[in-house]
Structures are given as C-alpha cells and as structure tokens.
Amino acid sequence: MSFQSIKKGLATLLAGVSLTLLLPWALSSAPFSLSRSPEAAAGMETEPLSSSLPEGYRVTLGEEVRFLPPEELLCTLAGPEWDVLSSHDGDAETALGIWCILTHSRLLGEMGDLAEELTPEELQKEPWLTLSAAQPSEDQTVYSVISQYADYFLSNGGSLVRADASLSDILSALQSGLTPAEIFASYGGEEAVLQKAAEK
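Since this is a predicted model, take the numbers as computed values, not measurements. (Residues numbered from 1 in each chain as written. Predicted model: local features only at pLDDT ≥ 70, side-chain atom pairs only at ≥ 80, totals over all residues. Heavy atoms only, no water.)

## Let's talk about the overall build of the chain
When you go through the chain residue by residue, the secondary structure sums to eight helices and seven strands. Residue burial in the chain is summarised as follows: out of 200 residues, 48% are buried. Partitioning the contacts of the chain with sequence separation of at least 6, the portion at a separation of at least 24 is 83%. When the accessible surface of the chain is totalled, it reaches about 9,500 Å², and 50% of it is carbon and sulfur. (Helix = DSSP H or I, 4+ residues; strand = E, 2+ residues; numbered from the N terminus. Buried < 20%, exposed > 50% of the residue type's maximum accessible area, 1.4 Å probe, protein only. Contact = heavy atoms within 4.5 Å. Areas by Shrake-Rupley, 256 points an atom, 1.4 Å probe, with all protein chains shown as cover.)

Structure, rendered in structure tokens:
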C-alpha cells in the first residue's frame, strides 16, 4: 500500500475529530535533548511531509473505548517493558526513541489498512485499534522521549515499515554496538528513511 493511500485513508479516519495534544517535556539527557533532533541523534536525514499526523486514535483499551493522542498511545504500549528496562540509563532512552518510530510506523500502516476496508460511516463507529488494558508507565522519562518522536516514522519506497520491534531487542542491538541508523536499516532496509509529519 502506498503512503499516499495511507494519508488518504487516515484523513478519512479523522474527519471531524479534534483533540489538543499535550505539550512535550524538555529532556536533559544528551541523546534526546531538544538541542539535538531525532534525525541528528539517529544519524539520518529526514524527509518532511506537508500533512500532519492524526491528533489521536480511537482504541479499545480493555473494555473501554478511548481516544488517545499518539504520545499517550505509545506510552501505554511502552509502559510495561520500559519499567523493566529503564535502569539502562542512556541506552534505554535511545532504544525507546527508536522503538517509538518503528511502532508508530507499524500502527499508522495498520490504521491505513483499516481505512481502506471500512466505509466512512463504519470508521466513525469502530475502534481503530484494540489493546490490552495496560496503563502508561508513571516514569515521566517515557513521555519526555516519546513526545519528541511521535511525529516521526520510517518508510521505504513510499511504504510504511511494518516492523514489530520490541524495546528489549532494540536495547540489545544498541548494547552490541549498532548505531540507531543501522538498527533502522535492519528493520526497514538500507533504503529506509525517516519521515516527519508537518506540525499542526
């Protein structure tokens, strides 16, 4: 599926939806301080887009349907694994940023598929994702890192990379000496590029 069709599908998904995103928190750690962009930290160039990402996703979380901003959705998904791995200091934060980009790419692709399968009326009624009842980590570092990466995703040849990457596997790759750019290439191919959505 092309990225153009994903954008068209997501635009349909989001018709009439409005939600104010939380403001990002500044980081003090060097790899992800606001003075260094995600692409600089990854050693990769970024292709900017003219369109913005969805302001939120309607998900089934346990037995409850909620509308989650991208940051909150990613924090919820990362929470349990992060709580186990967060003691690895800078490596864990670097791994979390990489995981965020890969996971967001996969989720956007899955929602783009859904947009092609359902009518606009069905899209207004159906949840777009179903998650376990996990809660976001209470560690504010998670939101601090993810809020800087939630507008980024990975693509190759115009298609979103659909890698199902675990935080622990990414951390292990970093600790074995791979750079973020090498890790992105291992999941998305040598031609994979970072893309950044337009600011709202």
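## Remarks on the side chain of Arg-106
With respect to the helices and strands, the residue Arg-106 is situated in helix α4 (residues 89-117). According to the relative accessible area criterion, Arg-106 is buried, its value standing at 18%. The residues contacting Arg-106, other than those within four sequence positions of it, are Val-161, Arg-162, Ala-163 and Asp-164.

## Thoughts on the sheet that holds strand β1 (residues 46-48)
With mixed pairing, the four strands of this open sheet are ordered in space as β1-β7-β5-β6. Of all the strands in the sheet, the pair left with one neighbour each is β1 and β6 (159-160). Relative to strand β7 (residues 193-196), strand β5 (residues 152-156) runs antiparallel, the two sharing four bridges. Pairing of Leu-154 across the sheet is with Leu-194, part of β7. (Pairing = 2+ DSSP bridges.)

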